[in-house]
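Per-entry structural report
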Amino acid sequence: MKKSFLLAALAVLLVAPFYSQAADGYQVVFETMDCSGNTGFATVGAHEIYKINNGDCSNPEDPGKKLKQLLVHDGHGSYTVYTLTQEEARSVMKDVKEYMKSRKGLLDRSNSVIISH
């Protein structure tokens, strides 16, 4: 009995921090593209996005346009950098703005309190 209780308590302690992080944040999904034209997808929390900078190279599919860099807080005092097209960068900014507008609307319409950590 004591062993099963200890195992259950240990499981809760190990899983709780991951659950709380996943449950409280809005996630932004976007397509990435590197300087060679390779593509992929990434998902980051809206609150983790720091800013979008100009990239170092041109878009291989449209050489007249530069790629953008999305800087995301990594939780250790530095950033993870994702490279994306200008259109995808605008889409990410739009998603974050809509999310923040929704949060503001929630606060304006109710007596709710949003707690973030």
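Quick notes on the rules
Residues numbered from 1 in each chain as written. Predicted model: local features only at pLDDT ≥ 70, side-chain atom pairs only at ≥ 80, totals over all residues. Heavy atoms only, no water. Disulfide = S-S within 2.5 Å. Helix = DSSP H or I, 4+ residues; strand = E, 2+ residues; numbered from the N terminus. Patch = residues over 30% accessible without salt bridge, like charges linked within 9 Å, V, L, I, M, F, W, Y side chains within 5 Å. Areas by Shrake-Rupley, 256 points an atom, 1.4 Å probe, with all protein chains shown as cover. Salt bridge = Lys/Arg side-chain N within 4 Å of Asp/Glu carboxyl O. Buried < 20%, exposed > 50% of the residue type's maximum accessible area, 1.4 Å probe, protein only. Contact = heavy atoms within 4.5 Å. pLDDT = per-residue confidence, 0-100. Pairing = 2+ DSSP bridges.

**What to know about the state of the cysteines**
- Applying the stated rule across the entire model yields one disulfide.
- Residue Cys35 pairs covalently with Cys57 via a disulfide, S to S 1.9 Å. With the S-S dihedral at roughly -85°, the linkage between Cys35 and Cys57 falls on the left-handed side. Of this pair, Cys35 sits in the loop between β1 (27–33) and β2 (39–45) while Cys57 sits in strand β3 (residues 49–59), placing them 22 residues apart in sequence.

**Considerations on a nonpolar patch on the surface**
- Residues Tyr50, Tyr79 and Val81 make up a contiguous nonpolar surface patch of about 290 Å² in total accessible area.
- Its place among the elements puts Val81 in strand β5 (residues 79–84).
- Taking relative accessible area as the criterion, Val81 reaches 46% and is therefore assigned partly exposed.

**Thoughts on the side chain of Gln69**
- With respect to the helices and strands, the residue Gln69 is situated in strand β4 (residues 62–73).
- Contact partners of Gln69, with chain neighbours within four places excluded, come to Lys51, Ile52, Asn53, Asn54, Gly55, Asp56, Val81 and Tyr82.

**Re the confidence of the model for the protein chain**
- Across the protein chain, pLDDT averages 84, with 76% of residues at or above 70.
- In the model of the protein chain, helix α1 (residues 2–23) stands out as the element of lowest mean pLDDT, 50, in contrast to β1, which has the highest, 97.
- Predicted confidence is poor over residues 19–23, with pLDDT under 50, and the contacts of this stretch with residues over four places away or in other chains come to zero contacts.

**Things to note about the pattern of salt bridges**
- Here the structure, examined in full by the defined rule, presents three salt bridges.
- For Lys65, the salt bridge identified is with Glu87, shortest N-O distance 2.7 Å. Of this pair, Lys65 sits in strand β4 while Glu87 sits in helix α2 (residues 86–109), placing them 22 residues apart in sequence.
- Judged by relative accessible area, which is 38%, Glu87 ranks as partly exposed.
- Asp108 is the salt-bridge partner of Lys104, the closest N and O atoms lying 2.8 Å from each other. With Lys104 and Asp108 both in helix α2 and four residues apart, this pair spans about one turn of that helix.
- Among the ionic contacts, a cluster of salt bridges with common partners joins Asp62, Lys65 and Glu87.

**Concerning the pairing of β4**
- Bridge analysis of β3 against β4 gives seven bridges, and the strand direction is antiparallel. For Asn53, the partnering residue across the bridge sits in β4 and is Gln69.
- Counted along the chain from β3 to the antiparallel partner β4, the turn is two residues long.
- The sheet contact formed by β4 and β5 spans six bridges and is antiparallel. In the strand pairing of β5, Val72 is matched with Thr80.

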